[in-house]
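# Notes for the structure review
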Amino acid sequence: MNPKISVVFVTNRKDAYRFLATQLDKQTLPVEDYEVIVADDLRAADYDDGRVKWFKPRQKSEGDVWNLNKAYNDCLDKVNGELIVFIQDFIWIPANGLQRFWDDYQLYPNAIITGVGHKAADGIEGISEVDDRMIGEPGLHPGSFSHYELNWASCPADIAPRFDEDMDTRYGGENQVFALKANADIYIDRSNVCIGYSQEECGGRPDNWEQNHINKTFLMNEKLKDYGYHPA
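This section reports on the structure supplied with the text. What you see is a predicted model, and the numbers here were worked out from it, not measured in a lab.

## Observations regarding the environment of Arg100
Of note, Arg100 is situated in helix α3 (residues 97–107). Owing to a relative accessible area of 24%, Arg100 belongs among the partly exposed residues under this scheme.

Have a look at this one:
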């Protein structure tokens, strides 16, 4: 019997899966109701116990800065759940987080839904980066593709689009393009609050992050136009 949820996790950081496991171990959603799909660049050999699928994804091609979109697509190929929940590395999530996404899915079965959460300055203390999506009343609220973040979000498996692997030539933007390609209603759940560790505590970003980020070029607007959005 297929699980309700497929948790999709892409990482290239040491001990990231160990941290994820601590977050999953506390979930109120029964363990038999979800599987975990892990694309890990540090993985030497595939591991599959029926509930956890842990593998090394395809590597970046010539001209790429990373392999993130390829890795996400490799994960999608292994999904058996009805609902996909994306979580990124070193993200603290609430004990009812997976259950909350499942309950939201029962209300809006054709929508993609993003959680919210500040970036912490030190462990899970303080704030280094404010999440303005949290401003307003708790609960579910309509949003747009620009609100959708893959650090903590859900998408029904039957409407999940493929990630644009051409975007591996630049950092960033994959969340917005995925949300546009899904062509679905988008909701923000201000009651499903995660806490992201600071980039410094996670190992930092690549040295060429700023100069090779897609938002630093005209390419982001071109990609958005390709998928139906035309900025003013």
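Picking up where we left off.
## Regarding the pairing of strand β1 (residues 5–11)
Along a regular strand, successive side chains alternate from one face of the sheet to the other. β1 sits mainly inside the fold: seven of its seven residues count as buried. Burial along β1 is two-sided: the residues Ile5, Val7, Phe9 and Thr11 and Ser6, Val8 and Val10 are all buried. One ladder, built from seven bridges, connects β1 with strand β2 (residues 34–40); its direction is parallel. Bridge pairing in β2 places Thr11 opposite Asp40.

## Some remarks on the pattern of salt bridges
One pass over the structure, following the stated rule, counts 14 salt bridges. The salt bridge involving Asp168 is made with Lys70; its shortest N-O contact spans 3.0 Å. On the criterion of sequence distance, the pair formed by Asp168 in the loop between β9 (152–156) and α4 (174–182) and Lys70 in helix α2 (residues 68–76) is long-range, its members being 98 residues apart. On the basis of relative accessible area, Asp168 is assigned to the buried category, the value being 0%.

## Things to note about the nonpolar core
Tyr72, Phe86, Ile112 and Tyr148 are the most contacted members of the largest nonpolar core, which totals 35 residues. Among the secondary structure elements, those contributing two or more residues to this core are β1, β2, α2, β5 (83–87), β9, α4 and α6 (219–226). Here Phe86 is in contact with Val8, Tyr72, Tyr148, Leu150, Asn151, Trp152, Ala153, Cys155, Phe163 and Phe178, once residues within four sequence places are set aside. With 31 residues, the next largest nonpolar core counts Tyr17, Leu20, Leu24 and Val36 among its residues.

Quick notes on the rules
Residues numbered from 1 in each chain as written. Predicted model: local features only at pLDDT ≥ 70, side-chain atom pairs only at ≥ 80, totals over all residues. Heavy atoms only, no water. Helix = DSSP H or I, 4+ residues; strand = E, 2+ residues; numbered from the N terminus. Buried < 20%, exposed > 50% of the residue type's maximum accessible area, 1.4 Å probe, protein only. Pairing = 2+ DSSP bridges. Salt bridge = Lys/Arg side-chain N within 4 Å of Asp/Glu carboxyl O. Core = buried A, V, L, I, M, F, W, Y, C linked by side-chain atoms within 4.5 Å. Contact = heavy atoms within 4.5 Å.

Read these as geometric descriptors, not functional statements.
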